[in-house]
Amino acid sequence: MSYTIVSDVCEAKADCIPVCPVDCIHWIKDKAWKNVKGLESTYIDNETCIDCGACLAACPVEGAILDEWKPELQKL
Ligand code: SF4
Ligand code: SF4
């Protein structure tokens, strides 16, 4: 399993990146891509995520991180 970052809800605050104990949160590779809010987003590497919940606790944007794996909502 893995958590999911909802690309169109994320507001690029990056509070999640430093708290992940396994460093599996990254900026989306395509720097030209923007979400519906006109912002960049981060994504979770689902093969590395250990479901610890630290990112969800740190994220200030409600609904930006889900405690389940929904790959259709997360751009890489
Ligand atoms: S998921 Fe939350 S903490 Fe992480 S970059 Fe997006 S808005 Fe910021
Ligand atoms: S749930 Fe834990 S391991 Fe998974 S992305 Fe969030 S902080 Fe990283």
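Placed above this text is the structure.
Residues numbered from 1 in each chain as written. Chains lettered and ligands numbered in written order. Predicted model: local features only at pLDDT ≥ 70, side-chain atom pairs only at ≥ 80, totals over all residues. Heavy atoms only, no water.

Trainee: So what's going on with the overall build of the protein chain? Which residues, and what values?
Mentor: What the protein chain contains, in helices and strands, is two helices and four strands. Reading the protein chain from its N terminus to its C terminus gives the helix and strand order β-α-β-β-α-β. Taken against the 2.2 N^0.38 rule, which gives 11 Å for 76 residues, the C-alpha radius of gyration of the protein chain at 11 Å falls within 12% of a compact globule. Its C-alpha atoms give the protein chain principal-axis dimensions of roughly 30 × 20 × 20 Å. (Helix = DSSP H or I, 4+ residues; strand = E, 2+ residues; numbered from the N terminus. Rg over C-alpha atoms; globule rule 2.2 N^0.38 Å.)

Trainee: Before we move on, could you go through the site of ligand 1 and cite the residues and values that matter?
Mentor: In the neighbourhood of ligand 1, 13 residues make up the surrounding shell, with Cys10, Lys13, Ala14, Cys16 and Cys59 lying closest. Tallied by class, the residues present in the shell around ligand 1 amount to nine nonpolar, one polar and three charged. (Near = heavy atom within 4 Å. Nonpolar A, V, L, I, M, F, W, Y, C, P; charged D, E, K, R; others polar.)

Trainee: Quick rundown of the nonpolar core? Include the residues and the values.
Mentor: Formed by Tyr3, Ile5, Cys10, Cys16, Cys20, Cys24, Ile25, Ile44, Cys49, Cys55 and Ile65, the largest nonpolar core amounts to 11 residues. Every residue in contact with cysteine 55, bar those within four places of it in the chain, is listed here: Tyr3, Cys16, Val19, Ile25, Ile44 and Ile65. (Core = buried A, V, L, I, M, F, W, Y, C linked by side-chain atoms within 4.5 Å. Buried < 20%, exposed > 50% of the residue type's maximum accessible area, 1.4 Å probe, protein only. Contact = heavy atoms within 4.5 Å.)

Trainee: For the environment of isoleucine 44, give the residues involved together with the corresponding values.
Mentor: Mapped onto the secondary structure, isoleucine 44 falls in strand E3 (residues 42-44). We classify isoleucine 44 as buried; its relative accessible area is 1%. On a C-alpha basis, the gap between isoleucine 44 and cysteine 16 in space is 9.9 Å, while along the polypeptide they are 28 residues apart. Not counting residues within four places of it along the chain, the set of residues in contact with isoleucine 44 comprises Ser2, Tyr3, Thr4, Ile5, Cys24, Ile25, Cys49, Cys55, Trp69 and Gln74.

Trainee: Report on unusual backbone geometry, specifying residues and quantitative values.
Mentor: One non-glycine residue, aspartate 23, adopts positive backbone phi at about 50 degrees. Relative to the helices and strands, aspartate 23 resides in the loop between helix H1 (16-19) and strand E2 (25-27). The exposure class of aspartate 23 is exposed, given its relative accessible area of 56%. With a phi close to 60 degrees, aspartate 51 is a non-glycine residue in the positive phi region. Residue position: aspartate 51 is located in the loop between E3 and helix H2 (54-58).

Trainee: Go over the environment of aspartate 15 with me, naming the residues and quoting the values.
Mentor: Structurally, aspartate 15 is set in the loop between strand E1 (4-5) and H1. Judged by its relative accessible area of 35%, aspartate 15 falls in the partly exposed class.

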